[in-house]
Amino acid sequence: MQNKINDYVRELQSKVIGEVHTDEVSRVLYSTDASIYQVMPHGVFIPRSSEEIQTAVRLASQYKVPLLARGAGSSLAGQAVNEALVIDTTRYLDAILEVNVDEKWVRAQAGVTLARLNAHLKQFGLKYGPDPASGNRAVLGGIVGNNSSGSHSILYGMSADHVLATRVILADGSVVEFGPKSELEANSYRAESDLEGRIYAQITGLVRNSRNQEVIRAGTPRHWRRCGGYNLDRLTDGSGISFRWPYDERFNLSKLICGAEGTLGVMTEVTLNLVDLPKASGVAVLHFGSLRAALEAVPTILELNPSAIELIDRYGLHLAQSVQTYAVLMQRFVQGKPDCVLITEFYGETRQEIEASLENLQVHLRLRGVQTLAITNLLEPEAIQAAWKVREGSLGILMSMRGDVKPLPIVDDAAVPPAHLADYISRLETFCKQELDHDVAYFAHASAGCLHVHSLLNAKLASDIAKMPKIMQFATELLGEYGGVLSSEHGDGRLRSWLNRHFFGDDLYELFKQVKGTFDPENIFNPGDIVDGPQMTQNLRYGADYKTLPVHSFLDFGQGKNDPGSDLPLPTAGDQAPGFGAAVEMCSGAGACRQMTGSMCPSFMATREEKNSTRGRANALRAALSGRLGAEEFTGQNVFEIMDLCVSCKACKSECPSSVDMAKIKAEFLFQYYQRHLMSVRSRFFAYFGDISKLASGAMAPVANWTLQNTLVRNLVNRFLQIAPERKLPGFAKGTFYRWYLSQAANNKKATVARMPLLFLADITRNYNEPETAREAYTVLSALGFDVIVPPVHDFGRPAFSKGDLKLARKKAGFALDALAPYAQKGIPIVGLEPSDISMFIDDYAALLPQDERVKIVAEQALSFEEFLWREMQAGKLVGVFKPQTGQILLHGHCHQKALIGVHKSKELLAYLGFQVQEAGSACCGMAGSFGYEAEHYDISLQMGELTLFPAVRAQAPTTLIVAAGASCQEQIEQGTQRKAMHPAQVLYRALV
């Protein structure tokens, strides 16, 4: 077989421009999805056109090589992994081809993300109805191929209700257009002798056979929210099939391609029905003291025709509190500590109509005797979005449960009619707890009778693995009793295909096999999916034999409990000790890092390559730790190159629902790597940049600056250090800020009025390179009445930490604590200008010095300049200090600021002065400390800037102030747009009375 695969790959490579990868690392990156499975593919193909996919299919038919068309890999059932050549359409085949506003349909390539499609359609007042929670990274090919639905399925049904046509490459490499066909048109196709003709002839014969129709009607679950098997029911007479969309009597094989999970052909284009955007919406978050009480309330709520009812259980609510982004969002809608909440949404024509609906809901619940702990009504778009963002992150939030026991999607998305939901869940939970001794976590679409049921199991224990099929078998029997479905949106995959014969019955299952044989006689498309599936416990990502290499980490990975101060019991039995491996394994594979909005993950946004996503890095590290890449590969060059484009922005720490902290992981990896490899001169140079700056500034500044300005010398230095020739290292100040401060302090001693002390930190750049910013910040703080004290420490370890020189970083941290802790112990605020330094205090020092009690004390007092001024503003202490301002500001938040503090305080502070403040909406600027200086990273550094930040800056009027707190951000903005960016402290300085 391997020789056949090698021959196939060689011929494919000779005939396409797209990339074909068969190296071990590339295969590992595509060996997992969001499921519990891991299967090594034969290779990965990144086509540049649909014609190249056609070539790949034609050759696969010739060589009998399996193929797997894959989107974002967000599958929870495992249909996106296989021993096949993976075809990734997401990088190049992502065009929106045509929008018909009058007829409300869109035609697009399979690699378009749903979020991007809906953003494009918004201008027309339209959207695609089904809205899976993974829509910010899931692509149309996967959504249609999986027959996805989503939170609003009670309004819009399934994808099969909306797919109008598909462009498909069949098993012989031919391209066909499946769409609605009249009887005359279908007859003409059936008369052809090619594969397309045989498909039309055999499938029409199959579904029109009276006995087969009886089998289809008898074996198809009656609950409308159904997925799994092949959609033969949608090719019969429509009885019991259509949801709320008119049944089209014309014969349409797209309905069969939808939900086929890539087993019948490769979709390259889809044509989809569209719906109107709601004119107004509102949300009532209903708080309940028990899960059963919430589920029993669902049928009562449905009587009022809401647009959605979504549940988040106690585990989801609890774990979200430990993820910065979600904890902040939850403050808008969660009161106290409910056991679970129902996010109940209403659509309407006007705000007044929505307000009436929310009021009517409360009256209705009261009259029907439904008891809630509290109800939070949300009418403002930002508040509504906050609730939905937490709900959409529920899967990843649950997976942030630390340790080996994880909420595994075993039963996952089975569904029953809502009237039976409470009883079904109660019996399933009782079985899991009493018979199998494990707990269960829930979230999802209560309105449609679907709860994503996740069993809290250890996938590394044989005893827990043995429970998995028992849970599925019990759930299958329950579903049959309650008229439910085995899958209601996530499909069959490896998780459920093995049960299809039992669930659908022998007769219907045999029809499924006939469908597969008709479309794919050589079984090359995603074999083993839907029919002839392997046992569910084969090819687990972990398994009882999973072992990892011991890593004696320098950093402490034991902190960050699931939620400090909570009394919710979390599973710990059988957990491994917290460590580097456990930190890597926090990645569930859900792929939220592949989104093109927010801040995570900037290198993926720029390159669209899986290896540059947080998930890709975690997959590579996990494979190396478990020996899949060879005993020496954990600290080998392959993994080093995978980690290379991580800019340590910390966005994943706050935006990844599973709380994967790749910045911290990278720092530890680099430290481990440099135990075996020599650190480059350039990395050492930047790690010691604070010490170098100290030597080069002051009296030596004229010499250092002349050296840097001399073209010949600068070129030699850049070449020696491998710095991009387009970049210029910053000049050094002859009069450093600290020297200026000492003179100020001497004068201040003469003052007779006692002032409140405040510790002000001047970072490396603002002390040695650009002291003007620090002087202006000092002046602002003094104007507020503070006795500003500046310690003689300016390097707080960030450069060394980022470069993996953790011993040096720990040394720097120790010096900083010696200087700062005495003040912090007295409750004196510590205020800094550079967000990346503040993040050292509040985040990284705990990993560097876990036993040092001073770390927590300093962290509690450490504030960014804007955060401190915001607090003063809130206390009313800025009155009369600043002149009212007018004008526009474009604000770019530093990555660490966004991840750990938030930008809203900066925005509110600047707005308080009178400015109209707009956020740039950008991810990492691309400079990321020294990253943008490094020759091999220069181009991608600019690509990151060009994603959002540079265009946003260029779009501003010359009078608009560009504001950014990060020193590297300011430099990147100036070099990328020729616009000077100011620190917020400079804006406030200019506004002083």
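Counting restarts for each chain: residues are numbered from 1 in the order of the written sequence. A pLDDT threshold of at least 70 governs which residues receive local features in this predicted model, and a stricter bar of 80 or more applies before side-chain atom pairs are shown or counted, although totals over entire chains, interfaces and linings include all residues. Just so you know, side-chain values use all the structure's heavy atoms and leave hydrogens and water out.

S.K.: In this structure, what is going on with the nonpolar core? I would like to understand it.
M.R.: Inside soluble globular proteins, nonpolar side chains tend to come together where they are buried. Tyr-8, Ile-203, Leu-232, Leu-256, Leu-342, Tyr-424 and Phe-519 are the most contacted members of the largest nonpolar core, which totals 134 residues. With eight residues, helix H18 (residues 462–482) is the single largest residue contributor to this core. Beyond its immediate stretch of four places on either side in the chain, Leu-256 contacts Ile-203, Tyr-230, Asn-231, Leu-232, Leu-235, Leu-264, Val-515 and Phe-519. Among buried residues, those of type Ala, Val, Leu, Ile, Met, Phe, Trp, Tyr and Cys that are joined through side-chain atoms within 4.5 Å constitute a nonpolar core. The buried label applies to any residue whose accessible area, calculated with a 1.4 Å probe on protein chains only, is under 20% of its type's maximum; exposed applies above 50%, and partly exposed to all values in between. Strands are runs of DSSP state E lasting at least 2 residues, helices are runs of H or I lasting at least 4, and numbering of each runs from the N terminus. Throughout, a residue-residue contact means that at least one pair of heavy atoms, one from each residue, lies within 4.5 Å.

S.K.: Can you walk me through helix H39 (residues 865–874) in this structure?
M.R.: One turn of the α-helix equals 3.6 residues, which is why residues spaced by three or four share an orientation. Of all ten residues in H39, eight are buried; the element is thus mostly enclosed. Along H39, the residues classified as buried are Phe-865, Glu-866, Glu-867, Phe-868, Leu-869, Trp-870, Glu-872 and Met-873.

S.K.: Hey, could you run me through the sheet that holds strand S10 (residues 266–273) in this one?
M.R.: Strands pair in a sheet through their backbones, by hydrogen bonds, and they do so in one of two ways: parallel or antiparallel. Should DSSP find at least two bridges between two strands, the strands are taken to pair. The strand order S5-S6-S10-S8-S9 describes an open sheet built from five strands, whose pairing is antiparallel. Unpaired on one side and paired on the other, strand S5 (96–100) and strand S9 (175–178) mark the two borders of the sheet. Strand-to-strand twist across the sheet, computed as the mean angle between neighbouring axes with direction ignored, equals 10 degrees. The sheet contact formed by strand S8 (residues 163–169) and S10 spans six bridges and is antiparallel. Its bridge partner being in S10, Thr-166 is matched across the sheet by Val-270. Axis lines are fitted to C-alpha atoms, over the contacting stretch for helices. Their N-to-C directions set the angle, which ranges from 0 to 180 degrees. Strands in contact with helix H4 (residues 114–121) are S5 and strand S6 (105–109); relative to S5, the strand with the most contacts, it is inclined by about 40 degrees.

S.K.: What should I look at first to understand the state of the cysteines in this one?
M.R.: When the sulfur atoms of two cysteines share a covalent bond, that bond is a disulfide. Two cysteine sulfur atoms form a disulfide, by the criterion used here, when they sit within 2.5 Å. Counted under the stated rule, the structure contains zero disulfides. With no disulfide of its own, Cys-258 lies closest to Cys-227 among cysteine sulfurs, the gap being 7.8 Å. Cys-649 takes part in no disulfide bond, and the closest cysteine sulfur, belonging to Cys-895, lies 4.8 Å away.

S.K.: It is not clear to me how the pattern of salt bridges should be interpreted in this structure. Could you clarify?
M.R.: For side chains of opposite charge, pairing can occur when their charged atoms come near one another. Put simply, a salt bridge is a Lys or Arg side-chain nitrogen that is within 4 Å of an Asp or Glu carboxyl oxygen. Taken as a whole and judged by the stated rule, the model has 55 salt bridges. Measuring nitrogen to oxygen at the nearest pair gives 2.6 Å for the salt bridge that ties Asp-844 to Arg-798. Within this pair, whereas Asp-844 is found in helix H37 (residues 835–848), its partner Arg-798 is found in helix H35 (residues 798–802), the two being separated by 46 residues in sequence. Classification of Asp-844 as buried rests on a relative accessible area of 2%. Residues participating in the shared-partner salt-bridge network are Lys-650, Lys-653, Asp-661, Arg-798, Asp-843 and Asp-844.

S.K.: For this particular structure, what's the right way to read the side chain of Thr-300?
M.R.: Tracing the sequence through the fold places Thr-300 in helix H11 (residues 291–302). Residue Thr-300 is classed as buried on the basis of its relative accessible area of 9%. Setting aside its immediate chain neighbours within four residues, Thr-300 contacts His-364, Leu-365, Arg-368 and Val-370.

S.K.: I would appreciate a short explanation of the packing of helix H36 (residues 806–824) against H37 in the present structure.
M.R.: Helices that pack against each other are described as a pair by the angle of their axes relative to one another and the distance between those axes. Axis separation between H36 and H37 bottoms out at 10 Å; the angle between their running directions is 120 degrees. H37 is crossed by H36, and the crossing has left-handed handedness. Note on element contacts: H37 touches H36 through Phe-841, Tyr-845 and Leu-848, opposite Leu-806, Ala-809, Arg-810, Lys-812, Ala-813, Ala-816, Leu-817 and Leu-820. Tallied by class, the residues present in the contact of H36 with H37 amount to nine nonpolar, no polar and two charged. Two helices that cross are described as forming a left-handed crossing if the nearer one is turned anticlockwise from the farther one by less than a right angle, and a right-handed crossing if clockwise. Charged means Asp, Glu, Lys or Arg here, nonpolar means Ala, Val, Leu, Ile, Met, Phe, Trp, Tyr, Cys or Pro, and polar covers whatever is left, Gly included.

S.K.: Honestly, the pairing of S6 in this entry has me stumped. Any pointers?
M.R.: Consecutive residues of a regular strand have side chains that alternate between opposite faces of the sheet. Burial runs high along S6: four of the five residues are buried. Here S5 pairs with S6 via four bridges, running antiparallel. Bridge pairing links Glu-98 to Arg-107 in S6. Counting the residues in the hairpin turn of S5 and S6 gives four residues, including Lys-104, whose phi is positive at 60 degrees.

S.K.: Looking at this structure, I do not really get the packing of aromatic side chains. What am I missing?
M.R.: Given two aromatic rings, their pairing is described by the distance between the two centres and the angle made by the two planes. Whether two aromatic rings pair depends on their centres lying within 6.5 Å, for rings of Phe, Tyr and Trp, where Trp uses its six-membered ring; planes under 30 degrees apart make the pair stacked, over 60 edge-to-face, and the rest tilted. Here the structure, examined in full by the defined rule, presents 31 aromatic pairs. Aromatic pair Phe-640 and Tyr-673: ring centres 4.4 Å apart, planes at 25 degrees, arrangement stacked. Placement of Phe-640 in helix H25 (residues 637–643) and of Tyr-673 in helix H27 (residues 662–673) is noted, with a sequence separation of 33 residues between them. The exposure classification of Phe-640 matches that of Tyr-673, with both residues buried. Taking the centre distance of 6.4 Å and the plane angle of 40 degrees together, the rings of Phe-686 and Phe-689 count as tilted. Residue class for Phe-686 comes out buried when judged on its relative accessible area of 7%. Taken together through their ring pairs, the aromatic side chains of Phe-557, Phe-580, Phe-634, Phe-640, Phe-669, Tyr-673 and Tyr-674 make up a single cluster. Just above the ring of Tyr-542 sits the side chain of Lys-460; from NZ or CZ to the centre is 5.3 Å. Here, a charge over a ring means that NZ of Lys or CZ of Arg falls within 6 Å of the ring centre while also lying within 35 degrees of the ring normal. One residue, Lys-664, lies across the ring of Phe-557, its end atom 4.7 Å from the ring centre.

S.K.: When you look at the sheet that holds strand S16 (residues 405–412) in this model, what are you seeing that I'm missing?
M.R.: Sheet architecture is open: seven strands sit in the order S15-S12-S14-S13-S17-S18-S16, paired in antiparallel fashion. At either end of the open sheet lies a strand with only one pairing partner, and these are strand S15 (374–378) and S16. Taking the axes of each pair of neighbouring strands and ignoring which way they run, one obtains an average angle of 25 degrees across the sheet. Where strand S12 (residues 280–288) and strand S14 (residues 340–348) come together, nine bridges link them in antiparallel fashion. In the sheet register, Ala-284 faces S14, and the bridge partner there is Thr-344. Those strands touched by helix H14 (residues 351–367) are S12, S14 and S15, and its axis lies near 25 degrees from that of S12.

S.K.: Honestly, the packing of helix H9 (residues 210–219) against helix H21 (residues 506–519) in this entry has me stumped. Any pointers?
M.R.: Closest axis-to-axis distance for the H9/H21 pair is 9 Å, and the angle between their directions is 110 degrees. Judged by the angle between their axes, H9 and H21 are roughly perpendicular. The two elements H9 and H21 cross, and the hand of that crossing is left-handed. The residues of H21 that touch H9, namely those facing Arg-211, Asn-212, Val-215, Ile-216 and Gly-219, are Asp-507, Leu-508 and Leu-511. The residue makeup of the contact of H9 with H21, split by class, is four nonpolar, two polar and two charged. Roughly parallel here means an angle under 35 degrees, roughly antiparallel means over 145, roughly perpendicular means 65 to 115, and every remaining angle is called oblique.

S.K.: Is there a simple way to explain the pairing of S14 in this structure?
M.R.: For S14, the buried fraction is high: eight of the nine residues fall into the buried class. Direction of pairing for strand S13 (residues 308–312) relative to S14: antiparallel, over a ladder of five bridges. Bridging from a neighbouring strand, Leu-311 pairs with Leu-342 of S14.

S.K.: Sorry, what's going on with the environment of Ala-583 here?
M.R.: Counting through the fold element by element, Ala-583 comes out in helix H22 (residues 580–584). Setting aside anything within four residues of it in sequence, one finds Ala-583 in contact with Phe-557 and Ile-665.

S.K.: I keep staring at the environment of Thr-779 and nothing clicks. Help me out?
M.R.: Here Thr-779 lies in helix H34 (residues 771–783). Sequence separation between Thr-779 and Tyr-989 is 210 residues; the distance between their C-alpha atoms is 7.2 Å. Ignoring anything within four residues of it in the chain, the contact list for Thr-779 reads Tyr-989 and Leu-992. Of the polar contacts made by the side chain of Thr-779, one reaches the backbone oxygen of Arg-775; its length is 2.8 Å. Polar contact is defined as a pair of N or O atoms within 3.5 Å, subject to the rule that within protein one atom must be able to donate a hydrogen and the other to accept it, and that residues adjacent in sequence are counted only when both atoms are side-chain atoms.

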